[in-house]
Amino acid sequence: MKSAFKIITRTKSGVLSLCVIGGFILMALFADLIANDRPIIAKSADGITMPIFSGADSKSYEWSMQPIIRYKSSSIGSKVSPYQSPAISDKKNKNYHLLGTDHIGRDVAAGIVSGSRWALLIGVLSILFALLIGITLGTLSGYYGDKGIRVSWIMLAAWIFMLVIMLFYIRYSGLNASTAFLVGAIGSILSYWALCIKASEMLSSSGYIKRTLISLPMDLIVQRLHELWKAVPVLFILLSILALVTNPDVWTLIFTIGILSWPPISRLVRAELLKVREMNYIKAAKIGGLSQLHIICKHALPNAIAPLFVLVSFGISGAIVVEATLSFLGIGISPDNVTWGSLMGSARTNYRAWWLAVFPGICIFLLVLSFNTIGERLREHYEKY
């Protein structure tokens, strides 16, 4: 991480990109303090309070500290008209909108602040999920190959049955309260797998079955998955997955983008591990009796994942663009949550509302350009070596 930071800060464009990304991160972290319809801190008859967190709504403040933008992204004023231009302001009546309003009268500046939170949340978490899948499959493909993993036929049948149950669960659960469902599914799968392992050991030790080991061609399987993902357009897969899920939420979108983003990560990890596993220190670790998991985590992966920083940077920018595209089309996260893509989408019904396309578009452009610039700097460095 330190070496990647040094590589980025060697150029002015890298430093500027880090500053832009840092600015958006601060905007996302302190979104409630920047744009809100309640004071940050105020003094009333009850003493000094923070209405922005406590929810207190009193008009008899002796003094108060107001946010920079005095609107929430979801608040609609009674005197606010839709498609209000940024040039129109009425400071005396506190009806001032710095960047105008959208199609239902919500403040665009507050929407941009809120949209930064959704863009970074979806972009970062979806790539972390893609890293989990890509590193796992890339390790199985590159380190073990086609003959490195041998399992009994009972465990192979249990694994196939578990996949069928998981697919059935994803299709018909609707993913309401996605996090709870996901935790429950993982817990059930691990419990089922542990029971299958124990049952297989007991039956084989008692002589009821013969424990025949079968080689799993993991490299072949992963390579076929790569070709399948490459053959079908990503947008088509994305729309198909979202169509199968009832009431998609932000976690569904994160998991979907992550599932579609793992192939480049897996290919890179596989290519690096194909080289690393032939190194002398890996062979020495195997001769020394170290476990495979210890060798992979302590010796193989740390020397193979440095180029992943390039894919992570490009991946985050790509996830941000995908989220904005889906929100623009109206099939992203809930319409109650204002995002940059939804703001741009509301400009379709009124082409004169240029501010709805320009200001969110500038934010998307700056954030994506910054991540791409960082990725280019890292790629130029690793290509030299």
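Before going into details, it helps to say that this report is about the structure given with it.

Conventions adopted
- Residues numbered from 1 in each chain as written.
- Predicted model: local features only at pLDDT ≥ 70, side-chain atom pairs only at ≥ 80, totals over all residues.
- Heavy atoms only, no water.
- Helix = DSSP H or I, 4+ residues; strand = E, 2+ residues; numbered from the N terminus.
- Buried < 20%, exposed > 50% of the residue type's maximum accessible area, 1.4 Å probe, protein only.
- Contact = heavy atoms within 4.5 Å.
- Areas by Shrake-Rupley, 256 points an atom, 1.4 Å probe, with all protein chains shown as cover.
- Phe/Tyr/Trp six-rings, centres within 6.5 Å; stacked < 30°, edge-to-face > 60°.
- Lys NZ or Arg CZ within 6 Å of the ring centre and 35° of its normal.
- Axes fitted to C-alpha atoms, helices over the stretch in contact; angles between N-to-C directions.
- Parallel < 35°, antiparallel > 145°, perpendicular 65-115°, else oblique.
- Left-handed = near helix turned anticlockwise from the far one by under 90°.
- Nonpolar A, V, L, I, M, F, W, Y, C, P; charged D, E, K, R; others polar.
- Core = buried A, V, L, I, M, F, W, Y, C linked by side-chain atoms within 4.5 Å.
- Pairing = 2+ DSSP bridges.
- Polar contact = N/O pair within 3.5 Å; in protein donor to acceptor, adjacent residues only side chain to side chain.

1. A short note on the overall build of the chain
Of regular secondary structure, the chain possesses 15 helices and five strands. Counting only residues that meet the buried cut, the chain has 38% of its 385 residues in that class. Across the chain, contacts joining residues at least 24 apart in sequence account for 71% of those joining residues at least 6 apart. As displayed, the chain has an accessible area near 21600 Å², and 67% of this comes from carbon and sulfur atoms.

2. So, the packing of aromatic side chains
In total, this model carries seven aromatic pairs according to the counting rule given. Between W354 and W355 the ring centres are 5.7 Å apart and the planes differ by 85°, which places this aromatic pair in the edge-to-face class. Relative accessible area serves as the criterion here: at 5%, W355 is assigned to the buried category. Within the aromatic cluster, the residues linked to one another by ring pairs are F129, W251 and F255. Directly above the aromatic system of F328 lies the positively charged group of R348, at a separation of 4.9 Å from the ring centroid.

3. With respect to the packing of helix α8 (residues 218–231) against helix α10 (residues 250–276)
Viewed as axis vectors pointing N to C, α8 and α10 meet at an angle of 135°, and their least axial separation amounts to 10 Å. Taken together, α8 and α10 sit at an angle that is classed as oblique. Note on packing geometry: the crossing formed by α8 with α10 is left-handed. Contact residues: D219, V222, Q223, L225, H226 and W229 in α8; I259, L260, W262, P263, S266, R267 and R270 in α10. For the contact of α8 with α10, the class distribution of residues is seven nonpolar, three polar and three charged.

4. Concerning the nonpolar core
Core analysis: the largest hydrophobic core is formed by 52 residues, its most contacted members being L273, W340 and L367. L253, I254, I257 and A319 belong to the second largest nonpolar core, which has 13 residues in total.

5. Quick look at the sheet that holds strand β3 (residues 63–65)
Paired through their backbone hydrogen bonds, the strands of a sheet run either parallel or antiparallel. Pairing is antiparallel across the open sheet formed by three strands, whose spatial order is β2-β1-β3. At either end of the open sheet lies a strand with only one pairing partner, and these are β2 (47–49) and β3. Strand-to-strand twist across the sheet, computed as the mean angle between neighbouring axes with direction ignored, equals 15°. Examined bridge by bridge, strand β1 (residues 41–44) and β3 share three bridges and lie antiparallel to one another. Residue I41 lies in a different strand from β3, and its bridge partner there is M65.

6. Observations regarding the side chain of D219
With respect to the element layout, D219 can be found in helix α8. Residue classification places D219 among the buried residues on the basis of a relative accessible area of 14%. A polar atom in the side chain of D219 sits 2.4 Å from the side chain of S141. In contact with D219, not counting residues within four places along its chain, are S141, G145, D146 and R270.

7. Regarding the environment of G100
For G100, the location among the structural elements is in the loop between β3 and α5 (108–144). With relative accessibility at 0%, the residue G100 sits in the buried group. For the pair G100 and Y83, spaced 17 residues apart in the sequence, the C-alpha separation amounts to 7.0 Å.

8. Topic: the packing of helix α11 (residues 280–287) against helix α12 (residues 292–300)
The geometry of α11 relative to α12 is characterised by a closest axis approach of 10 Å and an angle of 150° between their N-to-C directions. One element, α11, and the other, α12, form an angle in the roughly antiparallel class. As for how α11 packs across α12, the hand of that crossing is right-handed. In contact with Y281, I282, A285 and K286 of α11, α12 contributes Q292, I295, H299 and A300. The class makeup of the residues in the contact of α11 with α12 is five nonpolar, two polar and one charged.

None of the figures reported here should be taken as evidence of function without further support.
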